[in-house]
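Now for the letters of each chain:
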Amino acid sequence: MFHSFFPRPKLFFASAAIWSLVCIIFWYSVGSQLGALVGLPPLPEGEKPPIGLAFFFTPANIWFYICFTVFVLIFGMAWKLIDRDHPWSNWSIWGSAFIVFIAYFAVQVSVAINNWRGPFFDLLQGALSKQPGITAGQFYDYQLRFLEIGLVGVAMNVITAYFTNHYVFRWRTAMNDYYTSKWDKVRHIEGASQRVQEDTMRFANILEGLGVTLINSVMTLVVFLPLLFRMSENVGDLPVIGAVPHALFWLAIGWSLFGTALLALAGIRLPGLQFRNQRVEAAYRKELVYGEDNADRADPVTLKELFANVRKNYFRMYGHYVYFNIARYTYGQVDAIFLNFILIPTFVAGKLTMGLWQQVATAFGQVSDSFQYLVSYWSTIIELLSIYKRLKAFEAAIDDQPLPDIDQHYLEREVSGGEMAADKPY
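Residues numbered from 1 in each chain as written. Predicted model: local features only at pLDDT ≥ 70, side-chain atom pairs only at ≥ 80, totals over all residues. Heavy atoms only, no water.

Describing the overall build of the chain
For the chain, the count of helices and strands is 13 helices and 0 strands. Counting from the amino terminus, helix and strand elements in the chain follow one another as α-α-α-α-α-α-α-α-α-α-α-α-α. Its C-alpha atoms give the chain principal-axis dimensions of about 90 × 50 × 40 Å. Going through the 426 residues of the chain one by one, you find that 43% of them count as buried. In the chain, 79% of the contacts between residues at least 6 apart in sequence involve partners at least 24 apart. Charge-centre separation for the chain: the mean point of 33 positive side chains lies 1 Å from the mean point of 34 negative side chains. (Helix = DSSP H or I, 4+ residues; strand = E, 2+ residues; numbered from the N terminus. Buried < 20%, exposed > 50% of the residue type's maximum accessible area, 1.4 Å probe, protein only. Contact = heavy atoms within 4.5 Å. Lys, Arg positive; Asp, Glu negative; His and termini not counted. Charge placed at Lys NZ, Arg CZ, Asp CG, Glu CD.)

As structure tokens, then:
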């Protein structure tokens, strides 16, 4: 799945994570300030960023684009020297870097909109309270600035969708080429054709959505956490707890990690059940396929037994989804009112204008949603994990390695004549 597309995947991902952390620390410690040496200084303390298209071309942002390019070139050239012969290194190295960049740029669109929210809603609050000097022209100007940002967002969405489509299909092509090159060895494995065609297709399709969302979530945290940290200075006492420095920053992290742990614990058995579900469905489908060309196969007794396995696994899975959905929907309902609840003392004290409230709510929501990646996409992650298990078992057979535990479990049941004997292991 991975070494067909990435050079030395374990080392590649580990080095990418470490290098990313080094770059982030460098940027937030001294990197952003070094731009002043080349005439691209950060915004002075207390100065508000420009609204609209101009935000993307501030000296600080241009300096970041330059630094990002340099960091990527260093990392990419190092890996081109480490593994020169990998056939997909251009896509896996430079393509991955480009996806990270467009994900960051998409987050910058959200930052630009958040910068727009503050003055616009303050202007709206002033107009509703009938403050003098507010004109329709001011509102029209803000709408034009919003349109500028929105058009940039549209362009980024189109570019992201188009490029990731090609990127993920290249990954699927790499997997397909690898598996088909081993076809003489794996053709006798039950379900081989399904794994090469269907599982690689589903793996690529699911990974396209989950992967881009994960990168966006990480980029959102990198950008919005410092903003939320600064905005927390405007929040007063918290209910029950009282005054806490930078309260929103710590609450966003704590509340989101709690939700992630809750959903991960509640759904811990679901990947295995999804994996078993794919097995019993495959066994039932294969018997039907054999029955199309062979009158001795797919007799009613065999089909009834195989479908009984399908039914049993589905009913078991439905039962486990009950408590998972209880945890997921309860957390989601409480999450909808969590921020308003903790800001009640601040509202009463009149410490927030409408514009600042919009910015705080947006920043908190962005950070919270990013930390809740597992909460939001756990069901899809479960499906991806089940496909991963199937392909991992497939690769174990290719490499003459012992089957994973779950496959050995099925093999033992078949040999002992257990209730799932009809569900043959792949």
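Let us keep going from here.
What to know about the side chain of S89
One can find S89 in helix 3 (residues 89-128). Assessed through its relative accessible area of 2%, S89 is described here as buried. Among residues more than four places away in sequence, those in contact with S89 are K80 and W94.

Remarks on the nonpolar core
In terms of nonpolar packing, the biggest core is built from 55 residues, with F56, F224, L248, I342 and F364 touching the most fellow members. Going through the elements one at a time, helix 1 (9-34), helix 2 (59-82), helix 3, helix 4 (136-181), helix 6 (192-231), helix 7 (247-266), helix 9 (300-342) and helix 11 (354-371) are the ones with two or more residues in this core. Looking at this core element by element, the count peaks at 14 residues for helix 3. Beyond its immediate chain neighbours, meaning those up to four positions away, I342 contacts D237, L238, P239, L248, L251 and F364. Within the second largest apolar cluster, 41 residues are counted, among which are F5, I206, L210 and L384. (Core = buried A, V, L, I, M, F, W, Y, C linked by side-chain atoms within 4.5 Å.)

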